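Examination of the molecular architecture
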Amino acid sequence: MIMKNISVLGSTGSIGTQTLQVVRDNKDIQVAALAAGTRIDELEKQIREFKPQLACVATKEGADELKLLVSDMNVKIVYGSKGLIEAATLDLADMVVTAVVGMMGIVPTIEAIKAHKDIALANKETLVTAGHIIMKLAKENHVCIYPVDSEHSAIFQCLHGENKKELDKILLTASGGPFRGKDIEFLKHVQLKDALKHPNWTMGKKITVDSSTMVNKGLEVIEAQWLFDVPFDKIQVIVQPQSVIHSMVQFVDGSVIAQMGNPDMRLPIQYALYYPNRRTLDIKPLDFYELGQITFEKPNMETFKGLAYAYKAARAGGNVPTIFNAANEYAVRYFLDEKITFLQIYDMIEYAMSTIPFIDNPSIEQILETEQSVYELLSNF
């Protein structure tokens, strides 16, 4: 049995824990490194179960606490951005699962690619803000990037064995989130608890709020254009409320290939880890008699402005997708702390996109500087 060694960045989050469940259910993957933020107790349990060579946490204080908790184990404890890079570039690892939330995932992903590690990508911000750098670097280093998002995995599966030159458009599906069909008047009175009630998927708080604003789908549009080398105007969002069609691809002859299945993130995670092979997975298969029907709707971009702003950012290019993403990150953080209203998320994004200066073809340093400029701007919003 050939063992595959992986580093999991964001191991205590939604994608990270489900990745470890896939590892648990199979016997030929070894966890080389784990990286988490502040959930020290949970990380200790993961270390004891998976016995990684290295573990990373956010702060020195957290690292000191973790060292005491696992002092009986042979594991190196590191912390901060340098620690995250060490976890991403560990010699033992063949693949890095990047499941950290936010722009902190960019530099570790770049360093992992330079170290010739394949990437199972679950961090949207990496390609949204630095797609022009990441994809070029991956090609130069002969590194494969396997999408973990259900929609991008679906597109990846639909394109398997096909001639990409014959692709006409990508049909990116969306559930519509918890407020599908609602109007602006309704959204004025939305509370945090309402935004966190996704009808189909179990996800982290930030991505669940992003789904409710449809910013998440906008980020996926920008990500898809880089992953599949397709112009943003050939990516069409379709609301599919049942979340059984995870995305589709339309070809030049008019044929459409769809990837379908019950919503379970373990499927795209496992597909990325074992590509091009498929493994048995204990999820309930689709029962089309029970399902009865699949319906489709056009997204309302006038009400759910997050999607409209994303297309605007993709059209502008340069550092504008970074402005869009950073403004949303900042706004969602404030919404989760119940310091702003739901609709103020859109206001913050629009304000930042109309205020921060444009930079064409930004470097990593300029991307990170743009992020900071957005945060400074919105701190006085």
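Structure's up top.
Residues numbered from 1 in each chain as written. Predicted model: local features only at pLDDT ≥ 70, side-chain atom pairs only at ≥ 80, totals over all residues. Heavy atoms only, no water.

All right, on to the overall build of the protein then. Counting secondary structure elements, the protein contains 17 helices and eleven strands. Relative to the globule expectation of 21 Å for 381 residues, the C-alpha radius of gyration of the protein, 20 Å, shows essentially globular dimensions. Considering only C-alpha atoms, the protein reaches an extent of 55 × 50 × 40 Å along its principal axes. Among the 381 residues that make up the protein, the fraction classed as buried is 55%. A separation of at least 24 residues holds for 68% of the contacts in the protein among residues at least 6 apart in sequence. Counting every atom, the protein has about 17,200 Å² of accessible surface; 51% of that belongs to carbon and sulfur. Distance between charge centroids for the protein: 1 Å, based on 38 positive and 47 negative side chains. (Helix = DSSP H or I, 4+ residues; strand = E, 2+ residues; numbered from the N terminus. Rg over C-alpha atoms; globule rule 2.2 N^0.38 Å. Buried < 20%, exposed > 50% of the residue type's maximum accessible area, 1.4 Å probe, protein only. Contact = heavy atoms within 4.5 Å. Areas by Shrake-Rupley, 256 points an atom, 1.4 Å probe, with all protein chains shown as cover. Lys, Arg positive; Asp, Glu negative; His and termini not counted. Charge placed at Lys NZ, Arg CZ, Asp CG, Glu CD.)

Pairing in this open sheet of seven strands is parallel, and the strands run β4-β3-β2-β1-β5-β6-β7 from one edge to the other. The open sheet terminates on both sides in strands that have one partner only, identified here as β4 (76-79) and β7 (145-147). When strand polarity is set aside, the average angle formed by the axes of neighbouring strands in this sheet is 25°. Where strand β3 (residues 54-57) and β4 come together, four bridges link them in parallel fashion. Across the sheet, the residue bridging to V57 is Y79, located in β4. (Pairing = 2+ DSSP bridges. Axes fitted to C-alpha atoms, helices over the stretch in contact; angles between N-to-C directions.)

Time to look at the layout of surface pockets. A volume near 640 Å³ is recorded for the second largest pocket. Those elements that provide at least two residues to the lining of the second largest pocket are α6 (124-140), β7, α7 (150-159), β8 (167-174) and α11 (215-227). The class makeup of the residues in the lining of the second largest pocket is 16 nonpolar, one polar and seven charged. (1 Å grid on protein atoms, 1.4 Å probe; cavity = no way out; pocket = protein on both sides within 12 Å on 5 of 7 lines; lining within 4 Å. Points joined across faces, edges and corners; volume = space filled by probe spheres on them. Nonpolar A, V, L, I, M, F, W, Y, C, P; charged D, E, K, R; others polar.)

What follows concerns the sheet that holds strand β11 (residues 256-260). The mixed open sheet is built from four strands, whose spatial order is β9-β8-β10-β11. Strand pairing shows two members of the sheet lacking a second neighbour, β9 (235-239) and β11, which therefore form its edges. Averaged over all pairs of adjacent strands, the angle between their axes in this sheet comes to 20°, without regard to strand direction. Note that strand β10 (residues 245-251) and β11 share five bridges and pair antiparallel. Each bridged residue has a counterpart across the sheet, and for I245 the counterpart in β11 is M260. Most of the contacts of α7 go to β10, to which it runs at about 40°, and overall it touches β8, β10 and β11.

This paragraph deals with empty space enclosed by the protein. What the rule picks out here adds up to one cavity of 30 Å³ or more. Of the pockets and cavities examined, the largest cavity occupies roughly 60 Å³. Forming the boundary of the largest cavity are eleven residues, of which S150, H246, Q259, L267 and P268 lie nearest the centre. Secondary-structure elements contributing two or more residues to the lining of the largest cavity are α7 and α12 (266-274). The greatest single-element share of the lining of the largest cavity, amounting to four residues, is contributed by α7.

Looking now at unusual backbone geometry. Note that the residue after Y275, namely P276, is joined by a cis bond; omega there is 5°. Among the secondary structure elements, P276 is positioned in the loop between α12 and α13 (288-291). The backbone of E338 sits at a positive phi, close to 60°, despite the residue not being glycine. In this structure, E338 sits in the loop between α15 (320-336) and α16 (342-355). Residue classification places E338 among the exposed residues on the basis of a relative accessible area of 59%.

To continue, consider the packing of helix α14 (residues 305-316) against α15. The description of two packed helices rests on the angle between their axes and on the distance between the axes. The contact between α14 and α15 brings their axes to 7 Å, and the two run at 155°. The orientation of α14 relative to α15 falls into the category roughly antiparallel. Packed against α14, whose contacting residues are G306, Y309, A310, A313 and A316, the element α15 presents V320, P321 and F324 at the interface. Split into classes, the residues belonging to the contact of α14 with α15 amount to seven nonpolar, one polar and no charged. (Parallel < 35°, antiparallel > 145°, perpendicular 65-115°, else oblique.)

Attention now moves to the nonpolar core. Membership of the largest hydrophobic core comes to 123 residues, with the highest contact counts inside it found for I47, L66, F228, L273, F324 and F342. The element contributing the most residues to this core is α15, with nine residues. Once you skip the residues sitting within four places of it in the chain, F342 turns out to touch F179, L187, V190, A195, S212, T213 and F335. Of all hydrophobic cores here, the second largest spans five residues; its members include L171, I238, I245 and M248. (Core = buried A, V, L, I, M, F, W, Y, C linked by side-chain atoms within 4.5 Å.)

This paragraph deals with the side chain of H246. Of note, H246 is situated in strand β10. A polar contact of 2.7 Å, which involves the side chain of H246, links it to the backbone oxygen of G261. (Polar contact = N/O pair within 3.5 Å; in protein donor to acceptor, adjacent residues only side chain to side chain.)

On inspection of all chains with the given rule, the structure shows 19 salt bridges. We note a salt bridge from K124 to E220, for which the minimum N-O separation is 3.9 Å. Taken together, the residues K124 in helix α6 and E220 in helix α11 connect sequence positions 96 residues apart. Each member of the pair, K124 together with E220, is buried. For R266, the salt bridge is made with D282, and the minimal N-O distance between the two is 2.7 Å. (Salt bridge = Lys/Arg side-chain N within 4 Å of Asp/Glu carboxyl O.)

That's the geometry; what it means functionally is another story.
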